[in-house]
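# Per-entry structural report
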Amino acid sequence: MALTALLGAGVAQADDYAEITQLLRTGKPAEALAKAEQRLAAAPRDPQLRFLRGVAQADSGKTAEAIATFTKLTEEYPELPEPYNNLAVLHANQNQLDKART
């Protein structure tokens, strides 16, 4: 029974990721951000939710917040390449090419 509960939790998370991603794809970053924040209240260390929050922040024009989110992810999960890539894009968009290269 516990295994079923754990598998159900994994499916629920996958649904959350898919829903947030779909909101981002359809140009609804504010809704995606709200959904990510809501889900992060229950799972604050989830790197995928945190990454999606950063994408939603960037798409919402909240560049400083997105940079902070991605920077924190690189510190806590240095093996993940995606936060570094997104940081580089954000820095390049601000014409901070040295930071983007780093």
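Below, the structure is looked at part by part.

Each value, and the rule that gives it
Residues numbered from 1 in each chain as written. Predicted model: local features only at pLDDT ≥ 70, side-chain atom pairs only at ≥ 80, totals over all residues. Heavy atoms only, no water. Helix = DSSP H or I, 4+ residues; strand = E, 2+ residues; numbered from the N terminus. Phe/Tyr/Trp six-rings, centres within 6.5 Å; stacked < 30°, edge-to-face > 60°. Axes fitted to C-alpha atoms, helices over the stretch in contact; angles between N-to-C directions. Parallel < 35°, antiparallel > 145°, perpendicular 65-115°, else oblique. Left-handed = near helix turned anticlockwise from the far one by under 90°. Contact = heavy atoms within 4.5 Å. Nonpolar A, V, L, I, M, F, W, Y, C, P; charged D, E, K, R; others polar. Expected span 1.5 Å × (residues − 1). Buried < 20%, exposed > 50% of the residue type's maximum accessible area, 1.4 Å probe, protein only. Arc of directions from axis to C-beta.

## Re the environment of N93
Take N93: it is sitting in helix α5 (residues 81–93). Between the alpha carbons of N93 and T63 there is a distance of 9.9 Å; along the sequence they are 30 residues apart.

## Things to note about the packing of aromatic side chains
One pass over the full model with this rule turns up one aromatic pair. With 5.5 Å between their ring centres and 50° between their planes, F51 and F70 make a pair best called tilted. Remark: F70 occurs in helix α4 (residues 63–76) and F51 occurs in helix α3 (residues 47–59); sequence separation between them is 19 residues.

## Observations regarding the packing of α3 against α4
Contact geometry of α3 with α4 gives a least axis separation of 7 Å together with a crossing angle of 155°. Judged by the inter-axis angle, α3 sits roughly antiparallel to α4. At the point where α3 passes α4, the crossing takes the left-handed sense. Between α3 and α4, the residues in contact are P47, R50, F51, R53, G54, V55, Q57 and A58 and T63, E65, A66, T69, F70, K72, L73 and E76, respectively. Here the residues of the contact of α3 with α4 sort into seven nonpolar, four polar and five charged.

## With respect to helix α2 (residues 29–42)
Residues that lie three or four places apart on an α-helix share one face, since the helix turns once every 3.6 residues. The end-to-end C-alpha separation of α2 is 20 Å, in line with the 20 Å expected for 14 residues at 1.5 Å each. Buried within α2 we find P29, A32, L33, K35, A36 and L40. One side of α2 carries all its buried residues, which in axial view fall inside an arc of 165°. Opposite the buried face of α2, by more than 90 degrees, sit the exposed residues A30, A41 and A42.

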